[in-house]
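# Chains, contacts and geometry: an overview
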Amino acid sequence: MCFGCSERNPIGLKLKFTMDGDKCRTEFVAGEEHQGWNGYMHGGLIAALMDETMAWWLWFKDISIMTAEMTTRYSLGVPVNIKLTVESWCEEEKRDRLFFMAARIILPDGKVPVTAKAKFLRIDPEKL
Ligand SMILES: CCCCCCCCCCCCCCCC(=O)SCCNC(=O)CCNC(=O)[C@H](O)C(C)(C)COP(=O)(O)OP(=O)(O)OC[C@H]1O[C@@H](n2cnc3c(N)ncnc32)[C@H](O)[C@@H]1OP(=O)(O)O
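Residues numbered from 1 in each chain as written. Predicted model: local features only at pLDDT ≥ 70, side-chain atom pairs only at ≥ 80, totals over all residues. Heavy atoms only, no water.

Note the threshold: UniProt positions are given in the numbering used here, feature names are shortened, and annotations may be inferred rather than shown by experiment.
Looking at an unreviewed UniProt entry, one finds the protein chain named Acyl-coenzyme A thioesterase THEM4, with Desulfotruncus arcticus DSM 17038 as its source organism. Turning to the protein chain, the UniProt record has this under Sequence similarities (unreviewed entry): "Belongs to the THEM4/THEM5 thioesterase family."

Here you go:
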């Protein structure tokens, strides 16, 4: 019952993903329950949005992974109650095991308030 994408998780984000060329995308409108400071989305949840979008890029390629490392750069606050686009892509892959991924959030006016980089490691799906 994934917090990011399961339809059955009552407190989950219920994200739906699409692949468009080399990018994985989702959209999300944060509500007041997702706030940190008043009016702005909580930074941990922003990281979760991007982690999940990068994981889904790999999932679309049938690659089972775990997030091994992630860095997030918060340049602007992310307001609640507006449509956010999240997109992810793969920058590099090593030995078919280590995937260097990147993600960003795009506001309706085209500004990019947050970017992330992460390393994902392929795991044995039997162990999930
Ligand atoms: C039916 C429909 C269902 C639909 C369903 C869809 C689900 C679509 C997905 C959604 C779901 C996603 C959800 C979000 C993604 C999480 O939230 S994942 C949760 C957060 N992450 C974790 O909990 C990970 C915890 N860590 C681990 O499990 C393990 O440490 C890892 C990451 C799997 C690695 O384990 P390991 O293979 O035993 O690691 P290890 O032997 O230490 O390292 C292997 C190699 O990688 C290297 N390495 C390890 N870490 C690093 C690093 N950070 N940097 C560089 N190299 C590294 C090592 O140096 C080593 O290199 P070599 O020695 O081979 O040269």
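## Digging into the site of the ligand
The condition that has to hold: One heavy atom within 4 Å of a molecule or strand makes the whole residue count as near it. Within 3.5 Å is the distance limit for a polar contact, defined as a pair of N or O atoms, with the added protein rule that one can donate a hydrogen and the other accept it, and that residues adjacent in sequence qualify only through two side-chain atoms. Residue-level accessible areas treat just the shown protein chains as cover; the underlying method is Shrake-Rupley with a 1.4 Å probe. The numbering of helices and of strands both runs from the N terminus, where a helix is a DSSP run of H or I of at least 4 residues and a strand a run of E of at least 2. Three residue categories are used. Nonpolar comprises Ala, Val, Leu, Ile, Met, Phe, Trp, Tyr, Cys and Pro, charged comprises Asp, Glu, Lys and Arg, and polar comprises the others, including Gly.
Near the ligand you find 14 residues, and of these Thr67, Glu69, Arg95, Arg97 and Lys119 are the closest. Separating a nitrogen atom of the ligand from a backbone N or O atom of Thr67 is a distance of 3.0 Å. Note that an oxygen atom of the ligand is positioned 2.7 Å from one of the side-chain N or O atoms of Arg97. Protein coverage of the free-state accessible area of the ligand, which is 1400 Å², stands at 45%. Elements represented by at least two residues in the shell around the ligand include exactly helix H1 (43-60), strand E3 (65-74) and strand E6 (114-122). Looking at the shell around the ligand, the element that brings in the most residues is H1, giving 5 residues. Classifying every residue of the shell around the ligand gives 7 nonpolar, 1 polar and 6 charged.

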